[in-house]
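These are the residues of each chain, in order.
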Amino acid sequence: MKVKVASSKNPILRLALEEIADKIGSDFDFIILAVSPKYPFSDVSRVAPVIFNVDCSQCIAFSSIDAFSNTEIVSEGVVATVFKFERKGKIKLSYFSELSGSGFDRQAKELFNKLSFDCDCVNVILGDYSDGKFPFVIRSLSTLIEKEDVPVERVCGGIFSTFIEGKKKEKGYMSVEGRIISGGFLALTFEGFDSTIGLSTGAFKAGPVYSVDRALGYEILFLDGKPAGLLPKRILSGIGEESVEPLWYTPLVVLNGDGQPVALRTFKSFTETSIEVWAPVESGVKVKLSLVVVEEILKDTEFVARRVKEKIGFADVCFDFSCAARQVTLEDKAQEELIIYGREIDAPLFGFFTHGEIAPDLSGRRLELHNQTSVCLVMREL
Amino acid sequence: MKEDVKITIFFNYLEELTRKYNEVFELKEKLLKELQERAMYDYLTGLYNRHVLIELLEKEIERVKREGEERVFVVFLDLDNFKKVNDIYGHEKGDEVLKEVAKILRESFRKYDIVSRFGGDEFVALVPTKEGDKDQLLARLVEIERRIEEAFSDFGISISYGIAVAPDEGVNVSELINLSDKRMYMMKEKKKKRK
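To start, this report covers the structure provided alongside it. Please read all numbers here as calculations on a predicted model, not as lab measurements.

1. Points about empty space enclosed by the protein
Under the definition given, this model contains four cavities of 30 Å³ or more. Taken as a whole, the largest cavity spans an internal volume of roughly 90 Å³. Lining the largest cavity, in full, are A:Tyr210, A:Leu223, A:Asp224, A:Lys226, A:Pro227, A:Ala228, A:Leu230, A:Leu231, A:Arg234, B:Arg19, B:Lys20 and B:Glu23. Listing elements by their share of the lining of the largest cavity, those giving two or more residues are strand S18 (226-227) and helix H5 (230-235) of chain A together with helix H1 (3-40) of chain B. Its residues placed into classes, the lining of the largest cavity shows six nonpolar, no polar and six charged. Lining the second largest cavity, in full, are B:Phe73, B:Arg110, B:Val127, B:Thr129, B:Asp133, B:Gln136, B:Leu137 and B:Arg140. Contributions of two or more residues to the lining of the second largest cavity are made by strand S3 (122-129) and helix H5 (134-151) of chain B. Element by element, the count of residues in the lining of the second largest cavity is highest for H5(B), at three residues. Partitioning the lining of the second largest cavity into residue classes produces three nonpolar, two polar and three charged.

Structure representation (structure tokens):
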């Protein structure tokens, strides 16, 4: 498979897409566009197929504030990746236009039926946070994958990134088959591929452990029998402002029954009594307060990149779904991570800073929605 | 992020780690203490249990053997007619009686005497003493008997006891316990005959 990645930061959408079209040409079978929410998204599905001279079914686009074009972070621009299949490879697209307030199990079942778990397939799920509904679909999907005993290492993806005003996250858009959809999700099933997924955390292995005595969805109410809100208060003590960003340096690591880390959770907000995180937490689990240090993150990414490369040998493409909170904690080293992937995997790289990463948990047993991680998918056409 | 904010976060994290460590350490100490107490004391009466009594008696025997002048009275006490309480009024009532008897024993012996629940309705006390103190001990036992009979007159409960003296009558734990038990049984028999 031939893959190209190109980008533009031209403030006019049409001009940005034209600039990309000049770079990538027209010899490809499928195109994915990560489009900054600063652009009028409603124009994407109309303009993109014309400019790239493809059928609507060969083009998808989604909202992303910052996306990756090989080793470059493109802020508030457009990044495109195109695929030209040369052997057995093909791509199957499924999408779900609306997430209802309930019935996550039903939607997860529909999604599950659309995915393929054959050994030469891998599924990339991209979706909008949808006011916190989408993570519950992923949770139900995880349960189904476990119940049906299908390989969990065939699924990964990320949540679109959109601007956050106060506590309110704007809706993310996607363009699928000529339609603009707000608050939905899609699955790209790559068939005829060898693939491997890596997960980099960089979180400290040691740290104080707490029992989550009570949690409701994204809200942790009691830790060790005390109101959970006391913990962020202590961590922010002496800082003055009560902004949540400094807490991104101390994510919570969810532990399984054996005390092994399975997933990370980033602080979203907190009150005197409770904590809100970016992905659901269940009552009864234990969490470890971790500390992230730039050098540790990069070291872990290097380790993960080497491991996936060793497994796959040669890669046609590398996808990176990396958390926006990770971007904040990495500061001016955020690009280093892409440079590491580029150097170690040596393949075109496409991805974006997400508001949640979908990948197998750290034990490799269950599908998880992570925070503050970097999920790396490398593929090779068979 | 400003450097000073990151440094504060780092120190607060360390403080949280230390706080949590101390909390876990204190909890561990507390649980250990509880566990030790559970291993030493009888759960119902709060008196020393049989194992501790035997251990302490071994130490007392060694001590009196070394010091020569001191003696240890091993007092075996057993309730009379206690079985009837359990049979007629149930085990809950029986437990109440045992707790009350333990209270009387605790109050009647000296603070440095060792009082234990040996099992069921049997109690053993170790009374370290000097020669010539046996009369005082007997007077105390008569008082215990009176208080128990008074407290449980409705059930007809009394107490029988037997005494063995270490090291004069033995320097072996089971020997001394058996001897005091035998003497307690003789007292019980005498009481029965009197009736």
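2. So, the pattern of salt bridges
Here the structure, examined in full by the defined rule, presents 48 salt bridges over all chains. Here B:Lys103 makes a salt bridge to B:Glu107, at a shortest N to O gap of 3.5 Å. Within this pair, B:Lys103 and its partner B:Glu107 are both found in helix H4 (residues 91-108), separated by four residues, close to a single helical turn. Accessibility expressed as a relative area gives 39% for B:Lys103, which makes it partly exposed. Accessibility expressed as a relative area gives 46% for B:Glu107, which makes it partly exposed. Connected via shared salt-bridge partners are A:Asp224, A:Lys226, A:Arg234, B:Glu16, B:Arg19, B:Lys20 and B:Glu23.

3. What about the interface of chain A and chain B?
If you look at the interface, chain A gives 22 residues, while chain B gives 13 residues. When the buried surface of chain A facing chain B is broken down by residue, A:Arg234, A:Ile235 and A:Leu291 rank first, second and third, together holding 29% of it. Across the chain A-chain B interface, the total number found is four salt bridges. The interface formed by chain A and chain B holds 10 residue pairs in polar contact (both at pLDDT 80 or more) in total. Mapped by element, the contributors of at least two residues to the side of chain A that touches chain B are strand S16 (209-216) and H5 of chain A. Residue contributions to the side of chain A that touches chain B peak at three residues, all from H5(A). A per-class count over the side of chain A that touches chain B returns 12 nonpolar, five polar and five charged.

4. Some thoughts on the layout of surface pockets
Using a probe with the size of a water molecule, rolled over the atoms, empty space left in the structure can be pinpointed. Residue and element names in this part refer to chain A. Estimated volume of the largest pocket: approximately 640 Å³. Lining of the largest pocket is provided by 29 residues; of these, Gly198, Leu199, Arg307, Asp361 and Leu362 occupy positions nearest its centre. Going through the elements one at a time, strand S15 (193-200), strand S19 (252-255), strand S20 (261-265), helix H6 (294-312) and strand S26 (357-360) are the ones with two or more residues in the lining of the largest pocket. Residue classes in the lining of the largest pocket are distributed as 15 nonpolar, five polar and nine charged. Two domains share the lining of the largest pocket, each providing at least three of its residues, namely domain 1 (2-200 + 296-381) and domain 2 (209-291).

The rules we used
- Residues numbered from 1 in each chain as written.
- Chains lettered and ligands numbered in written order.
- Predicted model: local features only at pLDDT ≥ 70, side-chain atom pairs only at ≥ 80, totals over all residues.
- Heavy atoms only, no water.
- 1 Å grid on protein atoms, 1.4 Å probe; cavity = no way out; pocket = protein on both sides within 12 Å on 5 of 7 lines; lining within 4 Å.
- Points joined across faces, edges and corners; volume = space filled by probe spheres on them.
- Helix = DSSP H or I, 4+ residues; strand = E, 2+ residues; numbered from the N terminus.
- Nonpolar A, V, L, I, M, F, W, Y, C, P; charged D, E, K, R; others polar.
- Salt bridge = Lys/Arg side-chain N within 4 Å of Asp/Glu carboxyl O.
- Buried < 20%, exposed > 50% of the residue type's maximum accessible area, 1.4 Å probe, protein only.
- Contact = heavy atoms within 4.5 Å.
- Buried area = accessible area lost by both parts, 1.4 Å probe.
- Polar contact = N/O pair within 3.5 Å; in protein donor to acceptor, adjacent residues only side chain to side chain.
- Domains from an automatic or database assignment.

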